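For reference, the chains in residue letters:
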Amino acid sequence: MSAQAQMRALLDQLMGTARDGDETRQRVKFTDDRVCKSHLLDCCPHDILAGTRMDLGECTKIHDLALRADYEIASKEKDLFFELDAMDHLESFIAECDRRTELAKKRLAETQEEISAEVAVKAEKVHELNEEIGKLLAKAEQLGAEGNVEDSQRILLEMERVKARKREAEDEYRNSMPASSFQQQKLRVCEVCSAYLGLHDNDRRLADHFGGKLHLGFILIREKNLSK
């Protein structure tokens, strides 16, 4: 996007469709049924997941930052109840994602080697510590990129403590089953974004997942749904 286009988008977002007296832009109102209500409330999955492996493509309804500004201005005067439409949209999307997650979990259960309940608990503990490590590393990298070196290093130290706990959990898991079975990559489905996570994933893979746009996008979508 050119600098001129960026400036125009910023002005649209701040001032709405009436900012330059262009009457042709005002023919579509934010109240029009063709306008995406989720976009007006900044929670359309098509926007949030753009550029990820679950990119939904363009929304079938109108997205316009100027219309969003019009809505925000008007909503200060009275409650327009657009949250209800946005909530229905998000609930439908999340329900479909949760359905896919359950199908993925079912496929894993059918294809992966069956293990005892005791071993499954130990494997789950490793998965949980993997998740904690991934989140900590992603957070540390974010803070480092923002120039907050002190907090980044503090989180990295915490991550090392969690990695020590993970090594202990892996030892317990390894000792509970044959070596050949331990080497097999046990997978789990992420409850947030339905991606597959491996028991033996390295720190880089974990950080890329938990700090990635897809996972963070799903967190945002779910949080917005809960806040409506």
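Quick caveat, the model's predicted, so the values are computed rather than measured.

Q: Is there a simple way to think about the overall build of the chain in this case?
A: Broken down by element type, the chain carries ten helices and two strands. Across the 228 residues of the chain, 39% fall into the buried class. Intrachain contacts of the chain at a sequence separation of at least 6 include 70% that bridge at least 24 residues. Accessible area for the chain stands at about 13600 Å²; split by element, carbon and sulfur atoms hold 52% of it.

Q: Honestly, the layout of surface pockets in this entry has me stumped. Any pointers?
A: It is the rolling of a water-molecule-sized probe over the atoms that shows where space remains empty. Approximately 360 Å³ is the volume found for the largest pocket. If you list the elements that add at least two residues to the lining of the largest pocket, you get helix H5 (82-111), helix H6 (117-145) and strand E1 (187-189). It is H6 that provides the largest number of residues to the lining of the largest pocket, a total of four residues.

Q: Is there a simple way to think about the side chain of lysine 166 in this case?
A: As for its placement among the helices and strands, lysine 166 is situated in helix H7 (residues 149-175). An unpaired buried charge is present at lysine 166: no salt bridge exists, and glutamate 170, the closest side chain of opposite charge, is 4.0 Å distant. Among all residues touching lysine 166, those that are not within four sequence positions of it are Val126, Leu129, Asn130, Ile133 and Asp201.

Q: Explain the environment of histidine 89 here, please?
A: Residue position: histidine 89 is located in helix H5. Residue classification places histidine 89 among the partly exposed residues on the basis of a relative accessible area of 26%. In this structure the C-alpha to C-alpha distance between histidine 89 and cysteine 36, which are 53 residues apart in sequence, comes to 9.7 Å. Apart from the residues within four sequence positions on either side, histidine 89 is in contact with Ser38, Cys44 and Pro45.

Q: Looking at this model, I keep getting lost on unusual backbone geometry. Mind explaining?
A: A negative phi angle is the norm for most residues apart from glycine, just as the trans form is the norm for most peptide bonds. Not every positive phi belongs to a glycine, and phenylalanine 81 is a case in point at roughly 60°. Although it is not a glycine, serine 194 sits at a positive phi angle of roughly 70°. In this fold, serine 194 is placed in the loop between E1 and strand E2 (196-198). Look at serine 194 and you get buried, because its relative accessible area is 14%.

Q: Explain the pattern of salt bridges to me, please; I cannot follow it from the model alone.
A: Pairs can form between side chains of opposite charge once their charged atoms are near each other. Counted by the stated rule, this structure contains 19 salt bridges. Across the salt bridge formed by arginine 68 and aspartate 42, the nearest N and O atoms sit 3.4 Å from each other. One end of the pair, arginine 68, is in helix H4 (residues 65-75); the other, aspartate 42, is in the loop between helix H2 (37-40) and helix H3 (45-48), with 26 residues separating them in the sequence. The exposure class assigned to aspartate 42 is partly exposed, which follows from its relative accessible area of 41%. Linking glutamate 118 and lysine 122 is a salt bridge whose minimum nitrogen-to-oxygen distance equals 3.5 Å. Remark: lysine 122 and glutamate 118 occur in helix H6; sequence separation between them is four residues, near one turn of the helix. Of the residues examined, glutamate 118 reaches a relative accessible area of 53% and is grouped as exposed. Several salt bridges converge on common partners, so that one network encompasses Glu124, Glu131, Lys135 and Arg188.

Q: When you look at the nonpolar core in this model, what are you seeing that I'm missing?
A: Nonpolar side chains tend toward joint burial in soluble globular proteins. Core analysis: the biggest nonpolar cluster contains 43 residues, and Leu40 and Phe218 have the highest contact counts within it. Looking at this core, the elements that each hand over two or more residues are H4, H5, H6, H7, helix H9 (203-210) and helix H10 (213-227). With nine residues, the top contributor of residues to this core is H6. Those residues in contact with leucine 40 that sit more than four places away from it in its chain are Phe30, Val35, Leu67, Arg68, Tyr71 and Phe82.

Q: Could you clarify how one ought to interpret H7 in this entry?
A: Note: α-helices contain 3.6 residues per turn, so residues at a spacing of three or four share the same orientation. Helix length check: H7, at 27 residues, gives a terminal C-alpha distance of 39 Å against a target of 39 Å (1.5 Å per residue), a fit within 8%. All buried positions along H7 are accounted for by Ser152, Ile155, Met159, Val162, Lys163, Lys166, Ala169, Glu170 and Tyr173.

Q: What am I meant to see in the packing of aromatic side chains here?
A: Aromatic ring pairs: the centre-centre distance and the angle between the two ring planes describe each pair. Under the definition given, this model contains four aromatic pairs. Pairwise contacts between aromatic rings join Phe30, Tyr71 and Phe82 into one cluster. Taking NZ or CZ as reference, lysine 37 lies 5.3 Å from the ring centre of phenylalanine 82, over its face.

Conventions we followed
The written sequence of each chain sets the order in which its residues are numbered from 1. Since the coordinates come from a predicted model, pLDDT governs what is reported: local features require at least 70, and pairs of side-chain atoms require 80 or more to be given and counted, while whole-chain, interface and lining totals use all residues. Each side-chain value is worked out from all heavy atoms of the structure, with water and hydrogens disregarded. Numbering of helices and strands runs from the N terminus; a helix is a DSSP stretch of H or I covering at least four residues, while a strand is a stretch of E covering at least two. Any residue under 20% of the maximum accessible area for its type is buried, any over 50% is exposed, and the rest in between are partly exposed; the area is computed with a 1.4 Å probe on protein chains only. The contact criterion used is simple: two residues touch if any of their non-hydrogen atoms lie within 4.5 Å. In short, Shrake-Rupley with a 1.4 Å probe defines the accessible areas, and a residue's cover is counted only from the protein chains shown. Here a cavity is any set of points on a 1 Å grid over the protein atoms alone where a 1.4 Å probe fits but cannot get out, and a pocket is any open set with protein on both sides within 12 Å along at least 5 of 7 lines; a residue lines the site when it has an atom within 4 Å of a point. Grid points are joined across faces, edges and corners, and a volume is the space filled by probe spheres set on the points. Charge assignment: positive for Lys and Arg, negative for Asp and Glu; neither His nor the chain ends contribute. By definition, a salt bridge exists where a carboxyl oxygen of Asp or Glu is found within 4 Å of a side-chain nitrogen of Lys or Arg. Here, the term nonpolar core denotes a set of buried Ala, Val, Leu, Ile, Met, Phe, Trp, Tyr and Cys residues that are joined through side-chain atoms within 4.5 Å. Between the first and last residue of a helix there are one fewer steps than residues, each counted as 1.5 Å, and that sum is the expected span. Any pair of Phe, Tyr and Trp rings, taking the six-membered ring for Trp, is counted once the centres come within 6.5 Å. Such a pair is stacked with planes under 30 degrees apart, edge-to-face with planes over 60 apart, and tilted for the rest. Our definition puts a charge over a ring when NZ of Lys or CZ of Arg is within 6 Å of the ring centre and also within 35 degrees of the ring normal.

Remember that the coordinates give geometry; whether it matters functionally is a separate question.
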